[in-house]
Amino acid sequence: MHDKYSRLQAILTEMESVVVAFSGGVDSTFLLDAAIKTLGSKRVLAVTADSETYPTEELEEAIQLAKRIGATHRVIETSELGIPGYKENNANRCYFCKRSLFEHLEPFIKDGAYRHIVYGLIADDMNEHRPGVQAAKERGVRGPLQEAGLYKEEIRDLSREHGLPTWDKPSFACLSSRIAYGETITIEKLGRVGEAERYIRSLGFGQVRVRSHGDIARIEVEPGAMELLISHASIISDRLKELGFIYVAMDLSGYRSGSMNKVLELGGSAI
């Protein structure tokens, strides 16, 4: 693990200066911290894209994390729903999102102040459905954590060693990942799943996903939290129905990253 961190530092040193696509999640926070420690604050810029799919509380946390790390930080406004091919929500949705993000970051390197754009790709991601990886390759954007062979649990352990408060932060993905493939993404649906997850977290849950399948809300929590979810079943069901869902269900398999991709693995339709 520590050898991989040394490899990460060597990769960043070779890059000389970087713009970090910074969401405030476990991986991008660790990458930003490593970049600052390796290159110094003058050769690192953190950029956060604020959009409809990015909850306000995540933006506020990203701002505080960048300040804590000592990074120069910019927040730019983007709109995924305005990207052709995105709101239709097919299997390549993330490709369009990442391509747009990287296009928004390119002006920061074209003026010569920074040499490379980097993002929080990790070794785990190479075994998952990640259309955004293709967008990164096309734009010359690099994933130093993945290049160093770092996996999520190693990043969490190293984050804890380095005193980063995100070491045990629940994994997060954009709100669009909650909506079943083929179901058009709208601002109303994004707001509904975002508020549903906020409400459930307020009851004491850490890792939560509310997956939207039309009128059905499929709730994922860690297996150890299922009993707690059942104990709150009535009030959770009532609240989610107030938000517009007709049926509210608990997924008995529990939380797992990218569960919406199961339909792709089974050969189902995602367009």
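The structure displayed is predicted, hence computed values, not measured ones.

(A) Focus on the packing of helix α1 (residues 2–15) against helix α2 (residues 26–39). In the contact formed by α1 and α2, the axes pass within 9 Å of each other and the chain directions differ by 65 degrees. Looking at the two axes, α1 sits roughly perpendicular to α2. α2 is crossed by α1, and the crossing has right-handed handedness. Taking contact as the criterion, the partners of Y5, L8, Q9, L12 and T13 in α1 are, on α2, F30, L31, A34, A35, K37, T38 and L39. Residue classes in the contact of α1 with α2 are distributed as eight nonpolar, three polar and one charged.

(B) Local environment of unusual backbone geometry. The phi angle at E16 is positive, at roughly 75 degrees, despite the residue not being glycine. By secondary structure assignment, the location of E16 is in the loop between α1 and β1 (18–21).

(C) Main features of the packing of aromatic side chains. For the coordinates displayed, the defined rule picks out three aromatic pairs. Judged by centre distance (5.5 Å) and plane angle (75 degrees), the ring pair of Y95 and F96 falls under edge-to-face. For the pair formed by Y95 and F96, the shared burial category is buried. Here the basic side chain of R160 rests over the ring of W167, its NZ or CZ set 4.7 Å away from the ring centre. Over the face of the ring belonging to F245 we find R192, whose NZ or CZ atom lies 3.9 Å from the ring centre.

(D) Local environment of the nonpolar core. If you look at the biggest cluster of nonpolar residues, it comprises 33 residues, and the most contacted ones within it are L8, F30 and L32. Counting only elements with at least two residues in this core, the list comes to α1, β1, α2, β2 (44–50), α3 (56–69) and α8 (152–161). The biggest single contributor to this core is α2, with eight residues. Each residue touching L8, except ones within four places of it in the same chain, is listed here: F30, L31, A34, P144, L145, A148 and L150. Core analysis: the next-biggest nonpolar cluster, separate from the first, contains 26 residues, I83, A135, V208 and L240 among them.

Reading the values: the criteria
Residues numbered from 1 in each chain as written. Predicted model: local features only at pLDDT ≥ 70, side-chain atom pairs only at ≥ 80, totals over all residues. Heavy atoms only, no water. Axes fitted to C-alpha atoms, helices over the stretch in contact; angles between N-to-C directions. Helix = DSSP H or I, 4+ residues; strand = E, 2+ residues; numbered from the N terminus. Parallel < 35°, antiparallel > 145°, perpendicular 65-115°, else oblique. Left-handed = near helix turned anticlockwise from the far one by under 90°. Contact = heavy atoms within 4.5 Å. Nonpolar A, V, L, I, M, F, W, Y, C, P; charged D, E, K, R; others polar. Phe/Tyr/Trp six-rings, centres within 6.5 Å; stacked < 30°, edge-to-face > 60°. Buried < 20%, exposed > 50% of the residue type's maximum accessible area, 1.4 Å probe, protein only. Lys NZ or Arg CZ within 6 Å of the ring centre and 35° of its normal. Core = buried A, V, L, I, M, F, W, Y, C linked by side-chain atoms within 4.5 Å.

In short, shape yes, function no, at least from these values alone.
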